[in-house]
Number of protein chains: 2
Amino acid sequence: MAGRAVVPEVIWARPERAGRGPKAAYSRADIAEAGVRIADAQGLDAVSMRHVAAELGCGTMSLYNYVPRKEDLHELMVDAISGEHELWEPSGDWRADMVRVAHQTRALMVRHPWLPRLMSPVYGFSPNALRYLEHCLTCLDPFDGTYGTKFELIAMLNGMVTTYVGNELATAERVRSLPWSEERENAVRGAYLGGQVAGGGYPRLAAAFVEDSGPIDLEGVFERMVLRVLGGF
Amino acid sequence: MAGRAVVPEVIWARPERAGRGPKAAYSRADIAEAGVRIADAQGLDAVSMRHVAAELGCGTMSLYNYVPRKEDLHELMVDAISGEHELWEPSGDWRADMVRVAHQTRALMVRHPWLPRLMSPVYGFSPNALRYLEHCLTCLDPFDGTYGTKFELIAMLNGMVTTYVGNELATAERVRSLPWSEERENAVRGAYLGGQVAGGGYPRLAAAFVEDSGPIDLEGVFERMVLRVLGGF
DNA sequence: TCGTAGTTACGTACAGCGTACGTAGTGCGC
DNA sequence: GCGCACTACGTACGCTGTACGTAACTACGA
């Protein structure tokens, strides 16, 4: 009957369990894992409070004892995945180390394709995110610059990787979910584009389509983009 | 009674109106404007099919005659906003022009804060997006490289701007929607972070907080990031 | 030791969502 | 002028997040 407590904005600032009352049946790790399991298997949209609660084996509303809002559930999931980052002994070559960080992040996102959609700077202070940040800073020890600059570097690299892999995955997903063949889709798009471009209003686009040859080397593009970001520092 | 037609995946490949039947009461532009109006005034989450239909003054399901899926409504909105890009005569200095493009895109996103959330490479072939692309390519005429490289440059710059402004806006929105003061929020976050960092597990993060001084110059950071992206080419 | 306060657990309920489907009305092309 | 393709739109379904009330449980202050 008594009013429910107003919760802190950040879930990490809440104690995981209180002293009074029945023992909590699940840990945050349990809940995060349940969410991750569902997202991996059925996609992010399948991660509903009902679904996660069912996966845990409890009633829907019981979940709200652990996670005040769905957004916090997402935050738990991102943190859990952040824990999958492998943290190695820095090599002394910060560029090489940051390239490795980028590739690892990309691999993480390919393994958990829902991750780019949840990436947000707001989630930047979860326990595992802090560990990851500290690791990046450690790799950047040889880098000559302020911490402010180092943070800018990390943010740019992360942002670029997230955007790139997000696009990569969205495109792949789009192709996979087509109710018709990829060839037909490409034909429709190509016809539309061709029609637009043929109008003569876009001479450079027209030239670009003529120049275009063969499938895009996604790996190569990614590698180049990483190097370009790092090249700016 | 007869089965409804299977629609093409891309809305731009559909003719806007057909010859038969009653005159269509609204144009795509009308619909896009209605969506934009709602999004600007009440946020992206308020843009529901029901809401947009009401704004137009028609029944909910009538909207589906124009827009087969909500995703397509979003695409119309993005295209409408893309039309707000000012297209100027290139200066001959591609770097300067691309810096201008970046600033303009940022301004666009500040004016329509829901835009970053809808940005997707999948929407990249709408009429106004094509115009914008052609304009960027025109600015890049003095750039020595293939169209493939030019596309990579545009994609990186756009991605970086979208990510950056998205973060900027999300942070601002978070602060605005707090049920308590920003100071209290910062205090809670600071206390949590301080506690974590004080544990000694994150020496570099601890050092960074000591170094940290004063509020961040968002303009300056943005400008630096743009120049760094362009510097990679 | 015992009340009681703070928790956990969870069913019910509500408002909102996207959209499938059926039906009625309208006007162009044959 | 017939018929078909299109517009218009009400109803309905299954889903969502979550507010709220209630019952069971346990650690702490008296």
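Once a new chain begins, its residue numbering starts again from 1 and follows that chain's sequence as written. To read the labels, note that chains go from A and ligands from 1, taken in the order they are written. Reporting in this predicted model follows two pLDDT cut-offs: at least 70 for local features of residues, and 80 or more for side-chain atom pairs to be given and counted; totals over whole chains, interfaces and linings ignore these cut-offs and use all residues. Side-chain figures throughout are based on the complete set of non-hydrogen atoms in the structure, without hydrogens or water.

A. Looking closely at the side chain of A:Arg106. Numbering of helices and strands runs from the N terminus; a helix is a DSSP stretch of H or I covering at least four residues, while a strand is a stretch of E covering at least two. Position of A:Arg106 among the secondary structure elements: in helix α4 (residues 94–111). Each residue touching A:Arg106, except ones within four places of it in the same chain, is listed here: A:Val161, A:Tyr164, A:Val165, A:Glu168, A:Glu219 and A:Phe222. Whether two residues touch is decided by their heavy atoms; if any such pair falls within 4.5 Å, the residues are in contact.

B. Looking closely at the pattern of salt bridges. Residues and elements named next belong to chain A. Just to be clear on terms, a salt bridge is a Lys or Arg side-chain nitrogen sitting within 4 Å of an Asp or Glu carboxyl oxygen. By the definition in use, this model includes 26 salt bridges over all chains. Residue arginine 100 is joined to glutamate 86 by a salt bridge in which the shortest nitrogen-to-oxygen separation is 3.4 Å. Residue arginine 100 is located in helix α4, and its partner glutamate 86 is located in the loop between α3 (70–82) and α4; the two are separated by 14 residues in the primary sequence. Overlapping salt bridges, with partners in common, bring together Arg106, Glu168 and Glu219 in one network.

C. How the structure looks around the protein's contact with DNA strand C. As a structural note, the neighbourhood of DNA strand C is formed by 27 residues, with A:Met61, A:Tyr66, B:Arg4, B:Arg50 and B:Lys70 the closest of them. One heavy atom within 4 Å of a molecule or strand is enough for the residue carrying it to be called near that molecule or strand. Sugar plus phosphate, as a fraction of atoms of DNA strand C within 4 Å of the protein: 46%. A 3.5 Å cut-off defines polar contacts: any pair of N or O atoms within that distance qualifies, except that in protein one atom must be a possible hydrogen donor and the other a possible acceptor, and neighbouring residues in sequence count only when both atoms are side-chain atoms. Within the side chain of B:Arg50, one N or O atom sits 2.5 Å away from a base nitrogen of DNA strand C. Residue B:Tyr64 places a side-chain N or O atom 3.3 Å away from a phosphate oxygen belonging to DNA strand C. Amino acids are sorted into nonpolar (Ala, Val, Leu, Ile, Met, Phe, Trp, Tyr, Cys and Pro), charged (Asp, Glu, Lys and Arg) and polar (every other residue, Gly among them). Its residues assigned to classes, the surface near DNA strand C comprises 11 nonpolar, 8 polar and 8 charged.

D. Quick peek at the interface of chain A and chain B. If you look at the interface, chain A gives 55 residues, while chain B gives 55 residues. For the pair chain A and chain B, the summed buried area comes to about 5,100 Å², and 64% of that belongs to carbon and sulfur atoms. Buried area adds together the accessible area that both of two parts lose upon being put together, with accessible area traced by a 1.4 Å probe. The largest contributions to the chain A side of the interface with chain B come from A:Glu9, A:Arg204 and A:Arg228, which together make up 14% of the buried area. At the junction of chain A and chain B, the tally comes to 10 salt bridges. A salt bridge links A:Arg224 to B:Glu152; the shortest N-O distance between them is 2.6 Å. Joining chain A to chain B, the criterion identifies 19 residue pairs in polar contact (both at pLDDT 80 or more). Every element with two or more residues in the side of chain A that touches chain B is listed here: α6 (127–139), α7 (147–176), α8 (182–201), α9 (203–211) and α10 (218–231) of chain A. When its residues are assigned to classes, the side of chain A that touches chain B shows 31 nonpolar, 11 polar and 13 charged.

E. Representation of the protein's contact with DNA strand D in the model. Taken together, 27 residues lie around DNA strand D, and A:Arg4, A:Arg50, A:Lys70, B:Met61 and B:Tyr66 are the ones closest in. Here DNA strand D approaches the protein such that, of its atoms within 4 Å, sugar and phosphate make up 48%. B:Gly59 is positioned with one of its backbone polar atoms (N or O) 3.2 Å from a phosphate oxygen of DNA strand D. In the model, a phosphate oxygen of DNA strand D is placed 3.2 Å from a nitrogen or oxygen of the B:Ser62 side chain. Across the surface near DNA strand D, the residue classes break down as 12 nonpolar, 7 polar and 8 charged.

That is the geometry; function is a separate question.
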